[in-house]
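Commentary on secondary and tertiary structure
One-letter residues, chain by chain:
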Amino acid sequence: MTAPDASGVGRPGHPETADAPLPGRGLDLGTWIAPVVSVILILALWQATVLVFRLPRFVLPPPLDVLTALVNNLPILLRDTWITGRETVAGFFLSILVAVPLAILINLSAPLRNGIYPFLLLGQSVPKQAIAPLLLLWIGYGEVPRVILAFLTAFFPIVVNTAIGLQMTPPEMQDLGRLLSASRRRVFFKVTFPSAMPYFFAGLKVAISLAVIGAVIGEFIGGDTGLGQRILVASGNQRTDLAFAAILMLSLLGILLFTLVALAEKILCPWYDKS
Amino acid sequence: MLPLRLGEGRGEVVVIELDAVSMVYRSRGKGAVTALDDLHLRIEAGEFVTLVGPSGCGKSTVLKLVSGLLEATSGQIRIHGQPVRGPRREMGFVFQTPVLLPWRTVRENVLLPIEMLGRPVREHVARADELLAQVGLDGFQTAHSWELSGGMQQRVGICRALIHDPEILLMDEPFAALDAMTRETIGFELLRIWEERRKTVLFVTHSIPEAVLLADRVVVMSPRPGRIASVIPIDLPRPRTVEMEYDERFKEAALEIRALIDHGSTSARTSATAAGGRA
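Residues numbered from 1 in each chain as written. Chains lettered and ligands numbered in written order. Predicted model: local features only at pLDDT ≥ 70, side-chain atom pairs only at ≥ 80, totals over all residues.

Topic: the overall build of chain B
What counts, and what does not: Helix and strand definitions follow DSSP, with helices as H or I runs of at least four residues and strands as E runs of at least two, each counted in order from the N terminus. When we talk radius of gyration, it's over C-alpha atoms, and the globule rule is simply 2.2 Å times the number of residues to the 0.38. To sort residues by exposure, count the other C-beta atoms lying within 10 Å of each residue's C-beta; 20 or more gives buried, 12 or fewer gives exposed, and values between give partly exposed, all with C-beta atoms placed from the backbone.
Counting its regular elements, chain B contains seven helices and 10 strands. Against the globule reference of 19 Å for 279 residues, chain B gives a C-alpha radius of gyration of 19 Å, in line with a compact fold. Taken along its principal axes, the extent of the C-alpha atoms in chain B is 65 × 50 × 35 Å. Scored against the burial criterion, the 279 residues of chain B give a buried share of 45%.

Brief notes about the overall build of chain A
As a reminder of what qualifies: Any residue pair is listed as a contact if its two C-beta atoms, each placed from the backbone, are within 7 Å.
In terms of helices and strands, chain A carries 10 helices and zero strands. Listing the helices and strands of chain A from first to last along the sequence gives α-α-α-α-α-α-α-α-α-α. The burial tally for chain A puts 32% of its 275 residues in the buried class. Counting only contacts in chain A whose residues sit at least 6 apart along the sequence, the fraction spanning at least 24 positions is 77%.

Focus: the sheet that holds strand S9 (residues 217-222) of chain B
All names here are of chain B. Here is the rule we go by: By definition, two strands form a pair when at least two bridges between them are found by DSSP. Axis lines are fitted to C-alpha atoms, over the contacting stretch for helices. Their N-to-C directions set the angle, which ranges from 0 to 180 degrees.
In space, the six strands of this open sheet follow the order S6-S7-S8-S3-S9-S10, with mixed pairing throughout. The strands lining the two open edges of the sheet, one partner per strand, are strand S6 (91-94) and strand S10 (227-233). Neighbour-to-neighbour, the strand axes of this sheet turn through a mean angle of 15°, independent of strand direction. Bridge analysis of S6 against strand S7 (residues 168-172) gives four bridges, and the strand direction is parallel. The residue of S7 that forms the bridge with Phe-93 is Leu-170.

Notes on helix H4 (residues 110-125) of chain A
Put simply, the rule is: Here a helix's expected span is defined as the number of its residues, less one, multiplied by 1.5 Å. Note that the bend at a residue is defined as the angle between axes fitted to the seven residues ending at it and the seven residues starting at it.
With 16 residues, H4 of chain A ought to run about 22 Å at 1.5 Å a step, and its terminal C-alpha atoms sit 23 Å apart, in line with that. The sharpest bend along H4 of chain A comes to roughly 30°, located at Ile-116 of chain A, with the proline Pro-118 of chain A sitting one to four residues further on.

Some words on the environment of Leu-97 of chain A
Residues and elements named next belong to chain A. Relative to the elements of secondary structure, Leu-97 occurs in helix H3 (residues 74-108). Residue Leu-97 is classed as exposed on the basis of its 12 C-beta neighbours within 10 Å. Separated by 35 residues in sequence, Leu-97 and Pro-62 have C-alpha atoms that sit 43 Å apart.

What to know about the nonpolar core
The cut-off we apply is this: In plain words, the nonpolar core is the set of buried Ala, Val, Leu, Ile, Met, Phe, Trp, Tyr and Cys residues that C-beta atoms within 7 Å link up.
Membership of the largest hydrophobic core comes to 84 residues, with the highest contact counts inside it found for Cys-159, Leu-202, Val-218, Val-220 and Ile-257 of chain B. Not counting residues within four places of it along the chain, the set of residues in contact with Ile-257 of chain B comprises Val-52, Ile-208, Ala-211, Val-218, Val-220 and Ile-232 of chain B. Leu-166, Phe-201, Leu-210 and Leu-242 of chain A belong to the second largest nonpolar core, which has 49 residues in total.

Things to note about the domain arrangement of chain A
Note the threshold: Start and end points for every domain follow an automatic or database-based domain assignment.
Here chain A is partitioned into domain 1 (28-56) and domain 2 (61-268). A straight line from the C-alpha centre of domain 1 of chain A to that of domain 2 of chain A covers 32 Å.

Points about the interface of chain A and chain B
Operational definition: Only Asp, Glu, Lys and Arg are considered charged, only Ala, Val, Leu, Ile, Met, Phe, Trp, Tyr, Cys and Pro nonpolar, and every remaining residue, Gly among them, polar.
With 29 residues of chain A at the interface, the matching set in chain B holds 32 residues. The element best represented in the side of chain A that touches chain B is helix H7 (residues 171-179) of chain A, accounting for seven residues. Among the residues making up the side of chain A that touches chain B, the classes are represented as 16 nonpolar, five polar and eight charged.

Structural notes on the pairing of S9 of chain B
Side chains on a regular strand alternate between the two faces of the sheet. Residues and elements named next belong to chain B. In terms of burial, S9 is largely enclosed, as five of its six residues are buried. Taken together, the six bridges between S9 and S10 define a ladder with antiparallel strand orientation. Counterpart to Met-221 in the pairing with S10 is Ile-228. Counted between consecutive antiparallel strands, the loop separating S9 from S10 contains four residues, among which Arg-224 sits at a positive phi close to 40°.

Focus: unusual backbone geometry
The omega torsion of the bond from Arg-238 of chain B to Pro-239 of chain B falls at -10°, within 30 degrees of zero and hence cis. Note on placement: Pro-239 of chain B falls in the loop between S10 and helix H7 (248-278). Even without a glycine there, the phi angle at Arg-54 of chain A is positive, about 50°. Residue position: Arg-54 of chain A is located in the loop between helix H1 (29-52) and helix H2 (63-72). Even without glycine at this site, Asp-38 of chain B takes up a positive phi of about 55°. Tracing the sequence through the fold places Asp-38 of chain B in strand S2 (residues 31-44).

A look at the packing of helix H4 (residues 150-162) of chain B against helix H5 (residues 180-197) of chain B
Think of two packed helices as two axes; the pair is described by the angle between the axes and how far apart they sit. Residues and elements named next belong to chain B. Filter applied, for reference: If an angle is under 35 degrees, it is roughly parallel; if it is over 145, roughly antiparallel; if it lies from 65 to 115, roughly perpendicular; otherwise it is oblique. In this scheme the crossing of two helices becomes right-handed for a clockwise turn of the near helix relative to the far one and left-handed for an anticlockwise turn of less than a right angle.
One way to put it is that H4 packs onto H5 with a least axis distance of 11 Å and a crossing angle of 20°. What the angle tells us is that H4 and H5 run roughly parallel. Remark: the crossing between H4 and H5 carries right-handed chirality. Of the residues in H5, those in contact with Gly-151, Gln-154, Arg-155 and Ile-158 of H4 are Thr-182, Ile-186 and Leu-190. Of the residues assigned to the contact of H4 with H5, the class counts are three nonpolar, three polar and one charged.

Focus on helix H5 (residues 128-139) of chain A
Note that an α-helix has 3.6 residues per turn; residues three or four places apart therefore point the same way. Residues and elements named next belong to chain A. Going by this rule: Regarding the arc, it is the one traced by the directions from the helix axis to the C-beta atoms.
Along its 12 residues, H5 runs 16 Å from first to last C-alpha, staying within 8% of the 16 Å computed at 1.5 Å per residue. The complete set of buried residues in H5 reads Lys-128, Ile-131, Ala-132 and Leu-135. Considered in projection along H5, the buried side chains sweep an arc of 125° and stay on one side of the axis. Within H5, the exposed residues directed more than 90 degrees away from the buried face are Ala-130, Pro-133, Leu-134 and Leu-137. Of the surrounding secondary structure, the elements contacted by the buried residues of H5 are helix H6 (143-166) and helix H8 (184-221). In the stretch just after H5, Gly-140 is the one whose phi turns positive, near 95°.

Overview of the environment of Gly-157 of chain B
Residues and elements named next belong to chain B. Inspection of the secondary structure puts Gly-157 in helix H4. The class of Gly-157 is buried, set by 24 C-beta atoms lying within 10 Å. When the C-alpha atoms of Gly-157 and Gln-96 are compared, they prove to be 9.5 Å apart, with 61 residues separating the residues in sequence. Not counting residues up to four positions away in its chain, the partners in contact with Gly-157 are Val-94, Phe-95, Pro-98 and Pro-174.

A few points about the sheet that holds strand S1 (residues 14-27) of chain B
All names here are of chain B. Here four strands make up an open sheet; going across it, the order is S2-S1-S4-S5 and the pairing antiparallel. What marks the edges here is a single partner per strand, and that holds for S2 and strand S5 (82-83). As paired elements, S1 and S2 share 10 bridges and run antiparallel to each other. Bridge pairing links Glu-17 to Arg-42 in S2. The sheet contacts of helix H1 (residues 59-67) involve S1, S2 and strand S4 (74-79), and relative to S1 the element is tilted by about 115°.

Below, the structure written as structure tokens:
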């Protein structure tokens, strides 16, 4: 240690503050075994229940049947997943595009905030499923109403979180900006906007999961493509195994998209989980 | 109240002047609360003045008024004879908590005021590194705030306040959150920088030993309403050392300040009781 330091801290790279135990680091068997075992147990229990109680397969297919349906119909399911994913992502990005400028507007002035907020609260409280038939009426079938539904469901958590994040500028930083007579724009880009990033991403994580739901609701209402439609048709044909396989693909899609957002957060604001 | 010492550029030019400064906060329901009442103070160029008093005596308000972030209800604050109207760039402000921006490296945090001023950043990198080296943070230029202890973060906060070479350094209980050992070390570091760069320092603290050890003069404040109870000149040689805490002059000054503060709070209690009796 060359620099004597009464506070007794580590050097960069060996931060004293960062050596709290990280969950799931390395090949920690303890953290892996438990979930794997529990999943296998549940699946076995499911399979046993169906066999023991002789449940009709159209009521509850055993997991192995679901797996078979998944493998046999993989090309169709992948195409459905691609369509639903495309709608979800389109709606999601559209909601970012509209929500972020709106959040900035809300924070620009009190009259703007008071003017916009009632509509946000009202819009948020409307169940998006209720709008779906109207969209069908106005726009018709196709991917557009689904994208709009994904957009509507994803939109509110992004606006609200980003708006809150933009208010999180430390008061000291505002004082610093005033002392140096920095322009509002400069303070915004140097301090306010980056400060809001963790909140923005928290909003995105909620939004991406909701966007999947929005897209599926859109598919339920109309059209003949996507995982939502596949689930509807399979259920109607008593192909419960295929419906289950489609639901599995849907949740995998949700997990994948969520992981991508979390990854983007790690890359774009790596400081968040450290500070 | 006139300082007896002269020389070394100190005790000649009045930099900060408080002239009958009062601050009254008006809030609905509660009526008016007088935070500061008739403050008179003159601080000279290169002087290190500490402001000590119990919490709630308006110490921090004084700093905000001097910096121009707040406006006094009555009276006038002058910097080099010019009345303060609004925030002023020649102030460096060290906050109670360092508030470093976590997405910036240590060096980038120090350079933030330069960016806010719209000055060329590259021309100030060397100065930032020099300041960091002076507080023992050489080698930490590209570290991030989460890799630093509280003491190191506040050192960065001091460098950030000094980067645009302000004439006046305002410090608002900067070491309050630090442990006693770090507090002492960082205090002496601050004194070294001050001796070298000759800033005029107004330093708010609630620690009497800290106030005495750092200052040329200690302004003692009494609470509710905040008044200047007394200004105590500290007759200890420079540079200051840890040993001076055991010097008789140190103890004398500390005791005197203690008595002033205790007296202030006693009178506040009595007046509160009196007010309660009347109601």
